[in-house]
Amino acid sequence: MDYMYLKSGTDVRGTAIETPEGGPVQLTDETVADIARAFLVWCERHMDIPAHRLKLAVGRDSRLSGPRIAGAIREALLPYGVTCYDCGLASTPSMFMAVLDIPCDCAVQITASHHPFHRNGLKFFTKDGGLDSPDLSEILALAGEGVCPEEAPGGSWRESDHMEVYAAHLRDLIERGIGAPDYHRPLAGFHIAVDAGNGAGGFYAEKVLAPLGADISGSRFLEPDGRFPNHIPNPENEDAMGFASRAVTESGADLGIIFDTDVDRAGVVDRRGREINRNRLVALASAIALEDAPGGTIVTDSITSDGLKEYIEGTLHGRHHRFRRGYKNVINEALRLNREGVDCPLAIETSGHAALRENYFLDDGAYLVTKIIIKLASLRREGRELEDMLSSLREPAEALEVRVPILEKDFRARGQGLIESLEDYSRARGWRIAPDNREGIRVSFPEGEGQGWFLVRLSVHDPILPVNIESDVRGGVEAIRGKLREFFRENSAGLDISAL
C-alpha cells in the first residue's frame, strides 16, 4: 500500500467523509490504524522507547470525523501496551504542550486546519516539536509496509483534562504580563470578541478571557461544529475576517480575535474594526518580539511587503530575513539562525502562523493573541492603542495574487525552468532583482514603472506558480501585471496563463 499521497508537507491529509465533491474516504479506519502503528515504530527507532512503554496524547479539532479517527487510533494502539491520554477537543498547539505538561513522550492531533469539513488529517509531536517532512515520509513508508511493533499487554486509554491545564497556563501568562492591581481579573474593563469559526478555539473566550474579567459579549461561533456552517475558519479568508470585524463594530469591543479551526493561527481586529492580519499582524508580532530582543532578526515568508521590511528595519531597528513559504520552513530557518548565533526571536508567516522563541518556536495562535492582549493593556496605561504601533507601517495601495497552473507532468522541472528564464528576462531588461530573496524571483519597479514588485515562486506542494504583485500607486498592479503577461505569453508552453 502506498500512503505517500496523503502527505501534505508535515501533515497527513485526506478525505475522511465521503462526499460528491471530495470522493471516497481516504482516511479509513484501516488507513489510520496503519499510520498509527507506523508512528509507534518511528518512536521506537528515533526515541529509543519500546512501544509498550510509550505515553501518547491524542487530541482533535471539531471535525465530524474526529471521534471516529480517534477511535481508530485507540483500537490500533492498545494491543501494543501504549498508555494513551484522550485530550478530546483540543487545539493543535496544546497537543505539543501536552507532551511537556502531562507529561508524555509524544502526541497526535487529528486536524486538517482550515480545509473543508469532509477532510481530516494527523499531526505528530515529540518534545522536540512537530515532526518534519522527512519524518512523515518515513512514517507513511512504514505504514505502507504494514510495519508494527511487538504486541504487549497493559495498553490503556485515559481521559485527560489537559485543555484545562493549557487554558490555566494562558491565564497565568496574562496575569503575570499585565500585573494589574486586581491580579486575577486583569481584563476587567476590556471587551474582547472572539470568532472561533466553530472550530476548537471557543475555549479561549470561555476559559481564558472570561475568568480574567473580560466582557466577551459579541463573540461568535464559539460552539464546535465540524460542518463549519458560518464561514471558513481561516484568518486569511476575506469573508471570515469580515465576520470578525463586524463582531467588533457591532458589539463595541476593544479587540477582536479570530482563530483557524485548530488554533495554530490567528488574526486580530482593532477597536475600529480594522483587520490586523497578514503584513499588519507580522508587523505587530515583530514589534512585540523585538522589545525583548533589540536588533534581533525576524524570519518571514517570501510574500511580505516592502513596507514591512522598512518597518522592521527602520521603525523597530531589527533585521528582516525573508525566507520560503511554509510555516515549517520559516520555523526551521529561525532555529538554524539561532544555532548560528543570530538573535532571532520570531518566525512568522503572513498566513498567521507565528512562532516565538520564548514559546518553543511553536506556532500557536492562542499564545500570539495572549501576547497582543498583554501589549494592549500596557498601551492603554500609556493612553495609546494597538493601531498607534502600526502608524508608521507603509502599506501598499494595491495587491494581487494569481495562480498559474502548470500542466506538465514534471511540474517542478517546468516551474523551476520558467523561474530561471524569468530571471534572465528580468536582467536583460534591467529590472531590479531583490538581493535578499530566497524563494522564486522577486523584482521591484521604480516610480513610473508600477512602483511596486512581483514575486513568482513554485508552490510547495502543488503544480502551481503563485504570482504576487503589490504596488504603492493606483494602477501599479496592472502595470506590473502587464510586464509579466508579456513574459508568460512568450513562455506559455505547459502553462494555463488565463489568470494573468
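For the structure, check the block above.
Structure report, in brief. (Residues numbered from 1 in each chain as written. Predicted model: local features only at pLDDT ≥ 70, side-chain atom pairs only at ≥ 80, totals over all residues. Heavy atoms only, no water.)

Some thoughts on the overall build of the protein
- Assigned secondary structure in the protein consists of 14 helices and 22 strands.
- Considered along the principal axes of its C-alpha atoms, the protein spans approximately 75 × 60 × 50 Å.
- The burial tally for the protein puts 59% of its 500 residues in the buried class.
- Pairs at least 24 residues apart make up 70% of the contacts formed inside the protein by residues separated by at least 6 positions.
- Working note: accessible area of the protein is about 19,500 Å², and carbon and sulfur atoms make up 47% of it.
- Within the protein, one finds 57 positive and 78 negative side-chain charges whose respective centroids are separated by 3 Å. (Helix = DSSP H or I, 4+ residues; strand = E, 2+ residues; numbered from the N terminus. Buried < 20%, exposed > 50% of the residue type's maximum accessible area, 1.4 Å probe, protein only. Contact = heavy atoms within 4.5 Å. Areas by Shrake-Rupley, 256 points an atom, 1.4 Å probe, with all protein chains shown as cover. Lys, Arg positive; Asp, Glu negative; His and termini not counted. Charge placed at Lys NZ, Arg CZ, Asp CG, Glu CD.)

A short note on helix 7 (residues 238-251)
- Look at helix 7: 20 Å from first C-alpha to last across 14 residues, which is about the 20 Å you get at 1.5 Å a residue.
- For helix 7, the complete set of buried residues consists of A240, M241, G242, F243, A244, S245, A247 and V248.
- With a side-chain oxygen positioned 3.0 Å from the backbone nitrogen of D239, the residue opening helix 7 is N237.
- Of the residues trailing helix 7, G252 is marked for its positive phi of about 70 degrees. (Expected span 1.5 Å × (residues − 1). Polar contact = N/O pair within 3.5 Å; in protein donor to acceptor, adjacent residues only side chain to side chain.)

With respect to the packing of aromatic side chains
- One pass over the structure, following the stated rule, counts 14 aromatic pairs.
- Consider the rings of F221 and F243, whose centres lie 5.6 Å apart with planes at 75 degrees: the pair is edge-to-face. Here the residue F221 occupies a position in the loop between helix 6 (202-209) and helix 7, and F243 occupies one in helix 7, the gap between them amounting to 22 residues.
- On the basis of relative accessible area, F243 is assigned to the buried category, the value being 17%.
- Between Y425 and F487, the ring centres sit 5.0 Å apart and the planes meet at 65 degrees, which makes this aromatic pair edge-to-face. A residue pair is termed long-range when its members are at least 10 positions apart, and Y425 in helix 13 (residues 411-428) and F487 in helix 14 (residues 476-490) qualify at 62 residues. Judged on exposure class, the residue Y425 and its partner F487 are both buried.
- One aromatic cluster in this structure is built from Y425, W431, F445, F454, F487 and F488. (Phe/Tyr/Trp six-rings, centres within 6.5 Å; stacked < 30°, edge-to-face > 60°.)

Here we look at the packing of helix 5 (residues 162-178) against helix 11 (residues 365-381)
- Close contact between helix 5 and helix 11 brings their axes to 9 Å; oriented N to C, the two are set at 25 degrees. Judged on the interaxial angle alone, helix 11 and helix 5 are roughly parallel. For helix 5 against helix 11, the interelement crossing comes out right-handed. Where helix 5 approaches helix 11, its residues Y166, L170, L173, I174, G177 and I178 are matched on the opposing element by A366, Y367, T370, I374, A377 and R381. (Axes fitted to C-alpha atoms, helices over the stretch in contact; angles between N-to-C directions. Parallel < 35°, antiparallel > 145°, perpendicular 65-115°, else oblique. Left-handed = near helix turned anticlockwise from the far one by under 90°.)

Side note on the packing of helix 8 (residues 279-290) against helix 11
- Where helix 8 contacts helix 11, the two axes come as close as 11 Å, and the packing angle between them is 70 degrees. As judged from the angle between their axes, helix 8 and helix 11 are roughly perpendicular. The two elements helix 8 and helix 11 meet at a crossing, and its hand is left-handed. Counted together, L281, L284, A285 and I288 of helix 8 and L368, K371, I372 and K375 of helix 11 form the full contact between these two elements.

Considerations on the sheet that holds strand 22 (residues 464-471)
- One open sheet holds the five strands; their spatial order is 18-22-21-20-19, and the pairing between them is antiparallel. In this open sheet, the two strands that pair with only one neighbour each are strand 18 (398-405) and strand 19 (432-433).
- For strand 19 and strand 20 (residues 441-445), the ladder comprises two bridges, and the chain directions are antiparallel. Across the sheet, R432 pairs through a bridge with S444, a residue of strand 20. (Pairing = 2+ DSSP bridges.)

So, unusual backbone geometry
- Residue I102 is joined to P103 through a cis peptide bond whose omega torsion reads -20 degrees.
- The phi torsion at D48 lies on the positive side, around 55 degrees, for a residue other than glycine.
- Using a relative accessible area of 66% as the deciding quantity, one classes D48 as exposed.
- A positive phi is found at V263, a non-glycine position, where the angle reads about 70 degrees.
- Relative to the elements of secondary structure, V263 occurs in the loop between strand 10 (255-259) and strand 11 (266-269).

Section: the pairing of strand 9 (residues 192-195)
- Burial along strand 9 is two-sided: the residues I192 and V194 and A193 and D195 are all buried.
- Sheet analysis places strand 9 next to strand 10, joined by four bridges and oriented parallel. Each bridged residue has a counterpart across the sheet, and for A193 the counterpart in strand 10 is G256.

Just geometry here; none of it tells us what the structure is for.
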